[in-house]
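Architecture and fold: a report
Next come the chains, spelled out residue by residue.
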Amino acid sequence: MGKRIKIDYAIPRGLDHNPMKRLASLEFIRQGQNLFITGLYKTGKSFLATAIGLRSLQERHTHILC
């Protein structure tokens, strides 16, 4: 498996560790669910989408970013 991305929770983005851990488990993919990431400007949406996308590729999932 590739290098893991670490999230710095000290940066004030309003991220909670538990939901992030659930997303990183990729259970939503195994359940056939979609993921919509919304939030204010400069809050890390692209970072989060990239981190989850990389994690899913490491687990051999395919994904589409829209």
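Compared with an ideal rise of 1.5 Å per residue, which puts 14 residues at 20 Å, helix α3 (residues 45-58) spans 20 Å between its outermost C-alpha atoms and is within 8% of the ideal. Buried within α3 we find Leu48, Ala51, Ile52, Gly53, Arg55 and Ser56. Buried residues in α3 make contact with α1 (17-24) and α2 (27-30). Just past α3, the residue Arg60 takes up positive phi, approximately 70°.

With that settled, consider the nonpolar core. Of all hydrophobic cores here, the largest spans six residues; its members are Met20, Leu23, Leu26, Phe28, Leu48 and Ile52. Of all the secondary structure elements, the ones that give two or more residues to this core are α1 and α3. Beyond its immediate chain neighbours, meaning those up to four positions away, Leu23 contacts Phe28, Leu35 and Ile52.

Take the pattern of salt bridges next. The full count for this structure, using the stated rule, is two salt bridges. A salt bridge links Glu27 to Arg30; the shortest N-O distance between them is 3.3 Å. Here Glu27 and its partner Arg30 are both found in helix α2, three residues apart, which amounts to about one turn of the helix. Between Glu59 and Arg55 there is a salt bridge, with the nearest N and O atoms lying 2.8 Å from each other. Its relative accessible area of 18% is what places Arg55 among the buried residues.

Calculation criteria
- Residues numbered from 1 in each chain as written.
- Predicted model: local features only at pLDDT ≥ 70, side-chain atom pairs only at ≥ 80, totals over all residues.
- Heavy atoms only, no water.
- Helix = DSSP H or I, 4+ residues; strand = E, 2+ residues; numbered from the N terminus.
- Expected span 1.5 Å × (residues − 1).
- Buried < 20%, exposed > 50% of the residue type's maximum accessible area, 1.4 Å probe, protein only.
- Contact = heavy atoms within 4.5 Å.
- Core = buried A, V, L, I, M, F, W, Y, C linked by side-chain atoms within 4.5 Å.
- Salt bridge = Lys/Arg side-chain N within 4 Å of Asp/Glu carboxyl O.

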